[in-house]
Every structure is written in structure tokens, then in C-alpha cells.
Amino acid sequence: METYAVHDPATLHEVGRAPQMTDRDVDAAVATARAAQADWSADREARRAALLACATRLRANAPQIGELLSREQGKPVREAVQEALVGAGMLEYYAELAWDEEELLPPRADRTVRVQNRPVGVVATITPWNFPLSLLLVKLAPALVAGCTVVSKPSESTPLSTMAMVETMCAELPPGVLQYVTGTGKDVNVALSEHPDIAKLSFTGSTGVGVALMTQAAPSLKRLTMELGGNDPAILLEDADPGTTARGIVSSAFRNAGQVCMAVKRVYAPRGMADDLAEALAEAANRLVVGRGLDPATTMGPLHNQRQLEHVGGLVRAAETSGARVVAGGGRGCDLPGYFLAPTVVAGADDSMGLVSDEQFGAALPVVAYDDLESTVAGLNRQPYGLGASIWSPDLDRATAVAETIEAGTVWVNQHTQVEPDAAFGGWRHSGFGRERGPWGLAPYLEQRTLNVRTHTTP
């Protein structure tokens, strides 16, 4: 089979090669998955045991898979290993989750009525390059425990760690239950989204690609989960401490070089505090060590590709032209040849700038001064994205009250980016629909059937 090269975004060296698959390979994988689905769905306890065995095997192989992920994605290797371990935890969570395959409704005179939960069928997953393992496992774990079979398509630029993880899990799964398809371009994605034998598509990625996949999936009426873009604000109240808050915000904003859907993407501070906060953010950002993910000293790796580097850099330059000022970063921060941008803090930004209004998805953080909290929140609620937000204040009652006015899928208080395996996660508005994690993440992989039996045969 033809292959294509995968490159390290820090060194630009080739990491390995992945299969260049086609729509014919998608057809074969879906046929195999469909043939395996009936047997896989028949024994819930066997599925549970298989997921626990997958988790054990994944934990044992996490160092090797994590190193491969760091090389092809760019993130620090300890974060890459942790991603594999978090994924193993997701398998364990869903293996142990209690849920009813059948519910007997209250009795009635001449019939029994049962509502049954049955697997939706063959599932396709399409996942991005920023968290290739954890964003796949949050889909795989509930799909597999529900009795579905899965065909997974990783990003074309980070396929190797996904391939290694799937192969690790397949050692504990019956043939055909879990497969991957890889390739560059749109052909494989289109083949999956249009395939008539795929019952459900779960996608994490940009809003634009999500809209395209929805259009392609519409004729076959696929069930869809869409976890899309985000432009999360962090909002400081007037009693927040700039230094303490800055450290918490920086740990979110520059995680994975800012390439996290629910990371802090912009900061709103009372006007009298904005300059002090920008200085504190700059001080915290300057402590980060930029370099190759495999270097133990590195705390922030490169951006993932040239297009992302040009996009984020262009937004920073445009903000400067419009009157904002760079108070930290702005350069490369590293002598390696890859796609590096030093953690960049931009003061004096406003909502008219693309760096604030767009999802920049990179290592640049704008600070916006506000005069009125209520109008600021109202303005944010009118904007397209609604994935997450955070409120920062030592007054927990007031901070929580403000948080409850935010229209977003997750709102944090005095933290940002922390997600729980048993709490629903997803977006409002252009940030998508459907929920992952917890029992809410299992429900999309189940179809309900009502079995209504008349108990007396005489009229």
C-alpha cells in the first residue's frame, strides 16, 4: 500500500510513515466492522472485561506510545504519556459505569412494556491532531462498551500514535471490533461521513470541518456528535489577585502551545487592573521553556504546523498594527527549525481584533480591559462560540453567580481546562452539539427500542 511521511514539528525530520488509504479501504473496514458487531454486542460482561484488559495494556505501553505522540505532535513527552494514561482511565470508567440495557415500565392490565437500550451499530470517529489519543478514547470507550464497532480516522499529521494505540487495544479485542483508516486529503473523511452502513459519526475538530461533515452525513441520517471550536474567555472580577490569577491562566492558555479547544484564549480584566495583569501574565509566560517535546526541560513545544504558525503570528501582527502591544514573546523562543512561537502576551487588545474575536488556537494570549461586567458577559453570550469560560475571584459566591450567567458548555471558577470523566462536556452554539463523558457520553451510542407485549391473546 502507498504510504506518506509524518514529520516532527520541532525538527521537521521524518518520524515515520502511515498508509495512504482510499474509499475502498473504508468500504472494507466498514464491512468488517458490520460483520463483527452482532457478536460483540451479544455479551456485555465480555465487553467490560475486554475494555479493562485494553486499559491495562495501554498503561503498560504508555511510555512508548507517548514518546511517539510527542515526536509527531510536538507536545512535551510527559504530557504525551499522561494523555495515554488519561485515555486508559476513560476505558476503565466506562467499563465500570452502571447503565440499564432494559427498563420495565410500570405494570398495566393486559401488556408488559420494556424500553431497551441497544447499540447504534457501526461508528466512525474523526479526531484532530492536538490530543490524538484522549480525544479518541473519549469516543471509543463508550462506543465499545455500548456494543458498537468502530472505525477510527486520526488526523493525517498525527496518525502514528493512534495506530500504535489501536493496535495495542486490538490485542484484547475480537477481530473487526476496532480498526483505523489513515490518509491525507479529504477522501477518507468523506467516505466515512457518506457511508450508508455507518450509523453514527463522532467528530472533534474545527467548526468549519464539522459543518462540512454534517452536510455529507445528512443524506444517510447519521447520528452525530460534534465537539467543535472554542474561544474561551477568562473573566477577572475586581477583587482577583493579578499574580495568583496569572499563574492559573498561563497554565491553561499555553498548555500544548495553546492548541487546546477549551484553553483560555482571551482574558478580560477590569480596566484599572488590566496593565498589572498583563505584566503578571508576561512574567508567568516568560518562565516557560520552549523546545522539542522529547527534551525533559521543555514545558512548551512548537505549534503543530506551518499554517498554524502563520495564522497565529498574523493575528498578533494585526493586533499590534491596531494599537495592541506585545509584552511577552512574539519571537520564536527556540533555535530549532520547527514551528515555534514563544508564549506571547498581548496587552491593550479589544474585541475588534481577530486575535480576540477568532479562535487563534496557538501560543498567543490577548488581554482586554472592560468597564462594565454585565455588558461584557452579555456581549460574550452573543458571540458564536460557547465551549467554555472561567471566572476568577476570591469571592466564590459572587464568582459562581456570574458563572451561572455564562452561556457555555463548561464554566470554571478559579481554574480553567480541568475536565472530569463523569461530567458532561461539549459546546453551545457554534461550539457543537452532543455531550461526551459520563453517562451523557454513553447515550449517543445507544438506540432505544420499546417492546410492547400484549399478555392476553383473546380480544
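> Describe the environment of Arg454, with residues and values.
Among the secondary structure elements, Arg454 is positioned in strand E20 (residues 446-454). Here the side chain of Arg454 touches His456 through a polar contact of 3.0 Å, landing on its backbone oxygen.

> Give a description of the nonpolar core that names residues and reports values.
Leu91, Leu140, Leu144, Met165, Met169, Leu173 and Leu192 are the most contacted members of the largest nonpolar core, which has 70 residues in total. Excluding its chain neighbours within four sequence positions, the residues that come into contact with Met165 are Leu58, Ile65, Leu133, Leu136, Leu137 and Leu140. In terms of nonpolar packing, the next biggest core, distinct from the first, is built from 63 residues, Ala10, Ala257, Val267 and Tyr268 among them.

> I'd like a description of the packing of aromatic side chains, backed by residues and values.
Overall, the coordinates contain 2 aromatic pairs when judged by the stated rule. Taken together, a centroid distance of 5.0 Å and an interplanar angle of 85 degrees make the contact between Tyr93 and Tyr94 edge-to-face. Exposure class is identical for Tyr93 and Tyr94. Each is buried. With 5.7 Å between their ring centres and 75 degrees between their planes, Trp129 and Phe361 make a pair best called edge-to-face. Of this pair, Trp129 sits in the loop between strand E5 (122-126) and helix H4 (134-146) while Phe361 sits in the loop between helix H11 (354-357) and strand E14 (364-370), placing them 232 residues apart in sequence. By relative accessible area, which is 14% here, Trp129 ends up buried. For the cation-ring pair, Arg44 lies above Trp99, with the distance from its terminal atom to the ring centre recorded as 4.1 Å. Over the ring of Tyr445 we find Lys200; its NZ or CZ atom is 5.3 Å from the centre of that ring.

> Describe the packing of helix H8 (residues 242-253) against helix H9 (residues 271-285), naming the residues involved and giving the relevant values.
For the pair H8 and H9, the least separation of the axes is 8 Å and the interaxial angle reads 50 degrees. Classified by the interaxial angle, the pair formed by H8 and H9 is oblique. Viewed along their axes, H8 and H9 form a crossing whose handedness is right-handed. Here H8 contributes Pro242, Gly243, Ala246, Ile249 and Val250 to the contact with H9, which in turn contributes Met273, Asp276, Leu277, Ala280, Leu281, Ala284 and Ala285. Here the contact of H8 with H9 is built from residues that sort into 10 nonpolar, 1 polar and 1 charged.

> Quick rundown of the sheet that holds strand E16 (residues 388-392)? Include the residues and the values.
Taken together, 7 strands build an open sheet; the order of strands is E12-E13-E14-E11-E10-E16-E17 and the sheet is mixed. Looking at the sheet topology across the chains shown, the edges are occupied by strand E12 (325-328) and strand E17 (410-413). Strand-to-strand twist of the sheet, defined as the mean angle between neighbouring strand axes without regard to direction, takes the value 25 degrees. Here 4 bridges tie E16 to E17, and the two strands are oriented parallel to one another. Among the inter-strand pairings, Gly388 is bridged to a residue of E17, identified as Thr410. Taken strand by strand, H9 contacts strand E10 (232-236), strand E11 (264-270), E12, strand E13 (344-349) and E14, and its axis lies near 140 degrees from that of E11.

> Any chance you could break down H4 for me, citing the residues and the numbers?
Compared with the 18 Å implied by 1.5 Å per residue over 13 residues, the 19 Å span of H4 between its first and last C-alpha is a close match. Taking burial as the measure, the 13 residues of H4 include 13 buried ones, the bulk of the element. Just downstream of H4, Gly147 is the residue with a positive phi angle, here 105 degrees.

> Lay out the pattern of salt bridges in plain terms, naming residues and giving numbers.
This structure, assessed with the given rule, holds 18 salt bridges. The partner of Glu101 in a salt bridge is Arg44, and the shortest N-O contact between them spans 3.9 Å. Placement of Glu101 in the loop between helix H3 (77-96) and strand E3 (102-104) and of Arg44 in helix H2 (residues 44-73) is noted, with a sequence separation of 57 residues between them. A relative accessible area of 25% means that Arg44 is categorised as partly exposed. Each of the salt bridges in this network shares a partner with another, and the network as a whole consists of Glu45, Arg48 and Glu96.

> Pulling in residues and values, what's your account of the packing of H2 against H3?
Axis separation between H2 and H3 bottoms out at 7 Å; the angle between their running directions is 170 degrees. Taken as axis vectors, H2 and H3 run roughly antiparallel relative to one another. Partitioned by chemical class, the residues of the contact of H2 with H3 number 16 nonpolar, 4 polar and 6 charged.

> Quick rundown of H2? Include the residues and the values.
Over its 30 residues, H2 extends only 35 Å from the first C-alpha to the last, a length that falls short of the 44 Å expected when each residue adds 1.5 Å. In H2, a bend of some 60 degrees at Ala62 exceeds every other bend along the element, and Pro63, a proline, comes one to four places later. At the exit of H2 stands Gly74, carrying a positive phi of roughly 110 degrees.

Definitions and limits used
Residues numbered from 1 in each chain as written. Predicted model: local features only at pLDDT ≥ 70, side-chain atom pairs only at ≥ 80, totals over all residues. Heavy atoms only, no water. Helix = DSSP H or I, 4+ residues; strand = E, 2+ residues; numbered from the N terminus. Polar contact = N/O pair within 3.5 Å; in protein donor to acceptor, adjacent residues only side chain to side chain. Core = buried A, V, L, I, M, F, W, Y, C linked by side-chain atoms within 4.5 Å. Buried < 20%, exposed > 50% of the residue type's maximum accessible area, 1.4 Å probe, protein only. Contact = heavy atoms within 4.5 Å. Phe/Tyr/Trp six-rings, centres within 6.5 Å; stacked < 30°, edge-to-face > 60°. Lys NZ or Arg CZ within 6 Å of the ring centre and 35° of its normal. Axes fitted to C-alpha atoms, helices over the stretch in contact; angles between N-to-C directions. Parallel < 35°, antiparallel > 145°, perpendicular 65-115°, else oblique. Left-handed = near helix turned anticlockwise from the far one by under 90°. Nonpolar A, V, L, I, M, F, W, Y, C, P; charged D, E, K, R; others polar. Pairing = 2+ DSSP bridges. Expected span 1.5 Å × (residues − 1). Salt bridge = Lys/Arg side-chain N within 4 Å of Asp/Glu carboxyl O. Bend = angle between axes of the 7 residues up to and from the residue.

By themselves these figures say nothing about function.
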